[in-house]
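# Remarks on the overall topology
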Amino acid sequence: MSESSAKAMEAVANAASAAASAGNWRKAGIAGAAIGVVAAGAAAGVAIERLTVGRGMRKKARLALDSTGPYGSLRGTPGKAYADDGTELYYEVDDIEPEAGLGPRKRRLFGRKAPAPVTVVFCHGYCLNQDSWHFQRAALRGVVRTVHWDQRSHGRSGRNPAQAEGRVPVTIDQLGRDLKAVIDAAAPEGPIVLVGHSMGGMTMMALAAHYPELIRDRVVGAALIGTSSGRLGEVNFGLPVAGVNAIRRVLPSVLRALGQQAELVERGRRATADLFAGIIKRYSFATRDIDPAVARFAERMIEGTPIDVVAEFYPAFTEHDKAEALVHFAELPVLVLAGIKDLVTPSEHSEAIADLLPDAELVLVPDAGHLVMLEHPEVVMDRLADLLTRAGAVPAGATVGRYGSTSSTAQPG
């Protein structure tokens with residue numbers, strides 16, 4: 001047995017052991033088989049890599065990428081909002097530079113003050129944080145006012161004790177109310193453009209369902225990237241039917257068991273870093289020659305999400321159904337974008353959203369996976385710049401960094 005296979009078996013054994021400790025011996029056995037289906041492909045790729053690259057060399061490479069990579073290094077003015085259940089939500093604001101955007105405002109001696117600028121609010125996905133928008137943030141920095149926030153239990157935001165203890169489940173509806181709290185704190189007035197990836201897009205739909213008047217009165221544009229309005233329980237993750245059915249039956253209970261053994265599982269994740277790096281890459285990107293620094297950046301964000309947080313959020317996705325809420329975006333400029341090779345939230349879900357929003361721009365990106373905004377930032381930024389122009393967030397003559405670099409610019413649209 002290769003070292004990679006041994007690591008895969010160790011990961012499965014850890015999952016089975018945790019489930020067994022909760023009295024789920026039969027489910028642990030099924031879980032082992034299901035997890036094995038996922039792990040096998042990634043383990044094979046890692047095994048081939050081991051023939052040419054030593055373990056020590058890979059560890060040094062990861063450390064080098066962590067220390068020199070610029071991704072996730074952008075910071076803004078910090079702030080805190082508080083959800084309706086008291087959870088502390090962390091956000092950062094990037095304001096417009098005086099010489100950028102619409103230019104200096106004229107001083108008024110009489111009359112009302114100048115209107116508040118458009119604020120673009122970015123909502124990240126499951127197991128990520130606000131830094132997942134690195135390229136888009138860099139491109140828009142100083143051109144338009146932006147807000148980047150961490151969803152509850154992610155990044156720098158707090159975790160509600162009732163959810164940590166399993167007494168209150170996380171719901172997409174709660175995330176929608178969280179977004180309202182962030183908007184109230186970080187953008188209390190003026191027009192808004194909402195941008196959401198994956199779970200972030202679902203959060204926007206929940207916001208619309210609970211606060212339709214906010215969408216009507218203040219939102220001037222929306223971008224839904226790699227997301228879904230429902231039926232996520234039918235996603236097969238690119239796996240054989242038998243493996244998917246096994247995973248669906250046992251994954252919620254296994255994740256709960258793993259969450260109860262968080263310290264043990266986190267040690268296992270560190271010990272099997274190479275295996276899980278392969279899995280993360282498979283389900284994040286479709287491009288074979290993805291920049292190693294970008295791949296490592298994504299890996300680091302996902303690794304930073306504790307297993308008990310992964311467990312407490314997972315059930316919310318199978319219950320998510322917000323197709324009816326999309327009607328509140330119908331009169332707005334909307335961008336719907338997805339990677340054609342997305343295995344987590346297949347592009348068919350974006351097509352279904354576009355069917356409900358016939359005036360929306362639908363963009364399907366070839367050779368792109370779930371983290372399309374990191375994999376093909378130039379495509380995402382090009383279409384997002386066009387949306388912001390249509391929404392009046394930036395003037396038609398403004399320039400933004402097309403590839404996320406403040407030194408390279410492209411005309412929006």
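Values in this document were obtained by computation on a predicted structure and should not be read as measured data. (Residues numbered from 1 in each chain as written. Predicted model: local features only at pLDDT ≥ 70, side-chain atom pairs only at ≥ 80, totals over all residues. Heavy atoms only, no water.)

## Digging into the pairing of strand E3 (residues 119-123)
For E3, the buried fraction is high: five of the five residues fall into the buried class. The two faces of E3 match: Thr119, Val121 and Cys123 on one face and Val120 and Phe122 on the other face are all buried. Judged from the five bridges that link them, E3 and strand E4 (residues 145-149) form a sheet pairing that is parallel. Bridging across to E4, Val121 finds its partner in Val147. (Buried < 20%, exposed > 50% of the residue type's maximum accessible area, 1.4 Å probe, protein only. Helix = DSSP H or I, 4+ residues; strand = E, 2+ residues; numbered from the N terminus. Pairing = 2+ DSSP bridges.)

## Examining the pattern of salt bridges
Inspection of the entire model under this criterion finds 25 salt bridges. Across the pair Asp85 and Arg152 runs a salt bridge, and its minimum N-O distance is 2.9 Å. With a gap of 67 residues between them, Asp85 in the loop between strand E1 (77-82) and strand E2 (88-94) and Arg152 in the loop between E4 and helix H5 (161-164) connect regions that are remote in the sequence. When its relative accessible area of 0% is taken as the criterion, Arg152 is described as buried. Arg390 is paired through a salt bridge with Glu361; the nearest N and O atoms lie 3.7 Å apart. Pair noted here: Arg390 is in helix H16 (residues 377-390) and Glu361 is in strand E8 (residues 361-365), with a separation of 29 residues, a long-range link. The class for Glu361 is partly exposed, based on a relative accessible area of 22%. Put simply, Arg75, Glu92, Asp94, Asp131, Arg137 and Arg141 are held in one network by salt bridges that share partners. (Salt bridge = Lys/Arg side-chain N within 4 Å of Asp/Glu carboxyl O.)

## Notes on unusual backbone geometry
For Cys127, which is not a glycine, the phi torsion comes out positive at approximately 65 degrees. Here Cys127 lies in the loop between E3 and helix H4 (134-140). One non-glycine residue, Ser153, lies in positive phi territory at about 70 degrees. Within the fold, Ser153 resides in the loop between E4 and H5. Accessibility expressed as a relative area gives 10% for Ser153, which makes it buried.

## A look at the packing of aromatic side chains
Counted according to the given criterion, the structure contains five aromatic pairs. Ring geometry for Tyr71 and Phe135: centres 5.5 Å apart, planes at 50 degrees, overall tilted. Taken as a pair, Tyr71 in the loop between helix H3 (55-68) and E1 and Phe135 in helix H4 lie far apart in primary sequence, 64 residues in all. On the basis of relative accessibility, which here comes to 14%, the residue Tyr71 falls in the buried class. We classify Phe135 as buried; its relative accessible area is 11%. Measuring from ring centre to ring centre gives 5.8 Å for Tyr71 and Phe297, while their planes differ by 35 degrees; the resulting arrangement is tilted. Of this pair, Tyr71 sits in the loop between H3 and E1 while Phe297 sits in helix H12 (residues 292-303), placing them 226 residues apart in sequence. Each member of the pair, Tyr71 as well as Phe297, is classed as buried. An aromatic cluster of at least three residues, connected via ring pairs, comprises Tyr71, Phe135 and Phe297. Over the ring of Tyr283 we find Arg282, and its NZ or CZ is 5.3 Å from the ring centre. (Phe/Tyr/Trp six-rings, centres within 6.5 Å; stacked < 30°, edge-to-face > 60°. Lys NZ or Arg CZ within 6 Å of the ring centre and 35° of its normal.)

## Let's talk about the nonpolar core
Nonpolar side chains in soluble globular proteins tend to be buried together. Grouped together as the largest cluster of nonpolar side chains are 46 residues, with contacts concentrated most on Val193, Val195, Phe285, Leu337 and Leu374. Ranked by residues supplied to this core, first place goes to H12 with seven residues. Apart from residues lying up to four places away in sequence, Leu374 is in contact with Ser132, Phe135, Phe285, Val294, Phe297, Ala298 and Met301. Ranked by size, the runner-up nonpolar core spans 35 residues in total, among them Ala181, Val219, Ala325 and Val334. (Core = buried A, V, L, I, M, F, W, Y, C linked by side-chain atoms within 4.5 Å. Contact = heavy atoms within 4.5 Å.)

## Here we look at the environment of Ala139
Here Ala139 shows up in helix H4. Considering only alpha carbons, one finds Ala139 and Met381, 242 residues apart in sequence, at a separation of 7.7 Å.

## A word on helix H14 (residues 347-356)
Along an α-helix, residues three or four positions apart point the same way, because every turn accommodates 3.6 residues. Taken together, the buried positions of H14 are occupied by Ser347, His349, Ser350, Ile353 and Ala354. Projected onto a plane normal to the axis of H14, the buried residues spread over an arc of 155 degrees and lie on a single side. More than 90 degrees from the buried face of H14, the exposed residues found are Glu348 and Asp355. (Arc of directions from axis to C-beta.)

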